[in-house]
Amino acid sequence: SVDKVKPKNLINNSNIIVDELISNPYFKLHKAEIKNKENISSLYKDVPFILISCIEGKGKINNEEILKNESVVLTTDELSNIEVEGNIVLLIGYPK
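Report on the accompanying structure. (Residues numbered from 1 in each chain as written. Predicted model: local features only at pLDDT ≥ 70, side-chain atom pairs only at ≥ 80, totals over all residues. Heavy atoms only, no water.)

1. A word on the overall build of the chain
Okay, so step 1: Along the backbone of the chain there are 0 helices and 8 strands.
Okay, so step 2: Each helix (α) and strand (β) of the chain, taken in turn from the N terminus, gives the series β-β-β-β-β-β-β-β.
Okay, so step 3: Referenced to the eigenvectors of the C-alpha coordinate spread, the extents of the chain come out at roughly 40 × 25 × 25 Å.
Okay, so step 4: Counting across all 96 residues of the chain, residues that qualify as buried make up 31%.
Okay, so step 5: The contacts in the chain between residues at least 6 apart in sequence include a share of 56% that link residues at least 24 apart.
Okay, so step 6: As presented, the chain carries roughly 6,200 Å² of accessible surface, and 49% of it is formed by carbon and sulfur atoms.
Okay, so step 7: Where the 12 positive side-chain charges of the chain centre and where its 14 negative ones centre are 7 Å apart. (Helix = DSSP H or I, 4+ residues; strand = E, 2+ residues; numbered from the N terminus. Buried < 20%, exposed > 50% of the residue type's maximum accessible area, 1.4 Å probe, protein only. Contact = heavy atoms within 4.5 Å. Areas by Shrake-Rupley, 256 points an atom, 1.4 Å probe, with all protein chains shown as cover. Lys, Arg positive; Asp, Glu negative; His and termini not counted. Charge placed at Lys NZ, Arg CZ, Asp CG, Glu CD.)

Structure representation (structure tokens):
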């Protein structure tokens, strides 16, 4: 059976809502709902990479367009500045 876990809210303001959906010894998964423009770098310090999948809307990540059903990997050298722009919902996964 699968244990259901209630999402843990990490950020909630007028431009961004970030919920932690999964946290286990191996990885974490966040859902980020972004309106307008937001820098999300502070959430992803000290991780080797993040995998971002767009599940709703469209926007830009570091000035590169991302559309619904597209994914991108950001590596260590790209994590110091993560600018997300648009009206967009993302799933963001990374190893612990």
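2. Brief notes about the environment of Phe 27
Okay, so step 1: Position of Phe 27 relative to the elements: it lies in strand S3 (residues 27-34).
Okay, so step 2: By relative accessible area, Phe 27 is classed as partly exposed at 35%.
Okay, so step 3: Beyond its immediate chain neighbours, meaning those up to four positions away, Phe 27 contacts Ile 22, Tyr 94, Pro 95 and Lys 96.

3. A word on the nonpolar core
Okay, so step 1: Ranked by internal contacts, the top residues of the largest apolar core, which has 20 residues, are Ile 50, Ile 82 and Leu 90.
Okay, so step 2: At the level of elements, strand S2 (16-23), S3, strand S5 (49-61) and strand S8 (83-95) are the ones that each hand at least two residues to this core.
Okay, so step 3: A total of 5 residues in this core trace back to one element, the largest contributor, which is S8.
Okay, so step 4: For Ile 50, the contacting residues outside a window of four places in its chain are Tyr 44, Val 72, Val 73, Leu 74, Leu 79, Ile 82, Ile 92, Gly 93 and Tyr 94. (Core = buried A, V, L, I, M, F, W, Y, C linked by side-chain atoms within 4.5 Å.)

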